[in-house]
Amino acid sequence: EGTELERAMKLWDVLLKRPAEQLTAPQRSFVHFQRGRTRSRLTNPLDRDPKLIVADYDMAVKLHPLSEWADDALFLAGNAEFSLAHNRTKAVEYWRTILERHEGSEHLERSAYYIGVALELEKKWEEARLAYD
């Protein structure tokens, strides 16, 4: 949560270099989630590589799909795909996964709205209207 992002990146990297038996899958998942969040906040745009950000969020979900941060990771992966990678199709996939698998998520309404926005930008008017509905 602090502003020492480069130091945070080094610390997350150190944790992920530990042998598998030293961190549980949920712990590794959380580290990937936090490293993705940290990477997305780096001030140098060249350091904010959407592929690396999304890879961390994907790994967080893969390692612990039912974690309390899994829906956050999917939502943020969608945002990174949309805003940084400019890949609307992939962004919509992430946001739809939240709608399908995370019934109580705080991201449900925003995900549906963002799906509508992405589809509207693709001029898929009927699909966008359904997403807004």
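For the structure, see preceding data.
Residues numbered from 1 in each chain as written. Predicted model: local features only at pLDDT ≥ 70, side-chain atom pairs only at ≥ 80, totals over all residues. Heavy atoms only, no water.

> If you had to explain the pattern of salt bridges to someone new, which residues and values would you point to?
Across all of its chains, the model carries 7 salt bridges by this definition. We note a salt bridge from Asp56 to Arg39, for which the minimum N-O separation is 3.4 Å. Here Asp56, found in helix H3 (residues 50-63), pairs with Arg39, found in helix H2 (residues 25-41); they are 17 residues apart in sequence, far enough to count as distant. Considered together, Asp56 and Arg39 belong to a single accessibility category, that of buried residues. The closest approach of N and O atoms between Arg129 and Glu126, which form a salt bridge, is 2.6 Å. (Salt bridge = Lys/Arg side-chain N within 4 Å of Asp/Glu carboxyl O. Helix = DSSP H or I, 4+ residues; strand = E, 2+ residues; numbered from the N terminus. Buried < 20%, exposed > 50% of the residue type's maximum accessible area, 1.4 Å probe, protein only.)

> Describe H2, with residues and values.
Between its first and last C-alpha, H2 extends 25 Å over 17 residues, near the 24 Å set by a 1.5 Å rise per residue. Within the sequence span of H2, burial applies to Arg28, Ser29, Val31, His32, Phe33, Gln34, Arg35, Gly36, Arg37, Thr38 and Arg39. Summarising the contacts, the buried residues of H2 are in contact with helix H1 (5-16), H3 and helix H4 (70-83). (Expected span 1.5 Å × (residues − 1). Contact = heavy atoms within 4.5 Å.)

> A description of the packing of H4 against helix H6 (residues 108-121) should follow, citing residues and the corresponding values.
Where H4 meets H6, the closest approach of the two axes is 11 Å, and the angle between their N-to-C directions is 20°. In terms of axis orientation, H4 runs roughly parallel to H6. Both H4 and H6 take part in a crossing whose hand is left-handed. On H6, the residues touching Phe75, Asn79 and Phe82 of H4 are Arg110, Ser111, Tyr114, Val117, Ala118 and Leu121. (Axes fitted to C-alpha atoms, helices over the stretch in contact; angles between N-to-C directions. Parallel < 35°, antiparallel > 145°, perpendicular 65-115°, else oblique. Left-handed = near helix turned anticlockwise from the far one by under 90°.)

> Summarise the environment of Glu127; cite the residues concerned and give the values.
Structurally, Glu127 is set in helix H7 (residues 125-132). Glu127 gets classed as partly exposed once you look at its relative accessible area, which sits at 38%. Spatially, the C-alpha atoms of Glu127 and Arg110 are 16 Å apart, while their sequence positions differ by 17 residues.

> Give a detailed account of the packing of aromatic side chains, specifying residues and quantitative values.
Inspection of the entire model under this criterion finds 7 aromatic pairs. Ring geometry for Phe82 against Trp95: centres 5.8 Å apart, planes inclined by 50°, an arrangement best described as tilted. Of this pair, Phe82 sits in helix H4 while Trp95 sits in helix H5 (residues 88-101), and the two are 13 residues apart along the sequence. Phe82 sits in the partly exposed class, given a relative accessible area of 24%. Pairing Trp95 with Tyr114 gives two aromatic rings, centres 5.3 Å apart and planes at 55°, and the pair type is tilted. Of the two residues, Trp95 sits in helix H5 while Tyr114 sits in helix H6, which places them 19 residues apart along the sequence. Taking the relative accessible area as the measure of exposure, Trp95 reaches 1% and is therefore buried. These aromatic residues form a ring-pair network of at least three members: Phe75, Phe82, Trp95, Tyr113, Tyr114 and Tyr132. (Phe/Tyr/Trp six-rings, centres within 6.5 Å; stacked < 30°, edge-to-face > 60°.)

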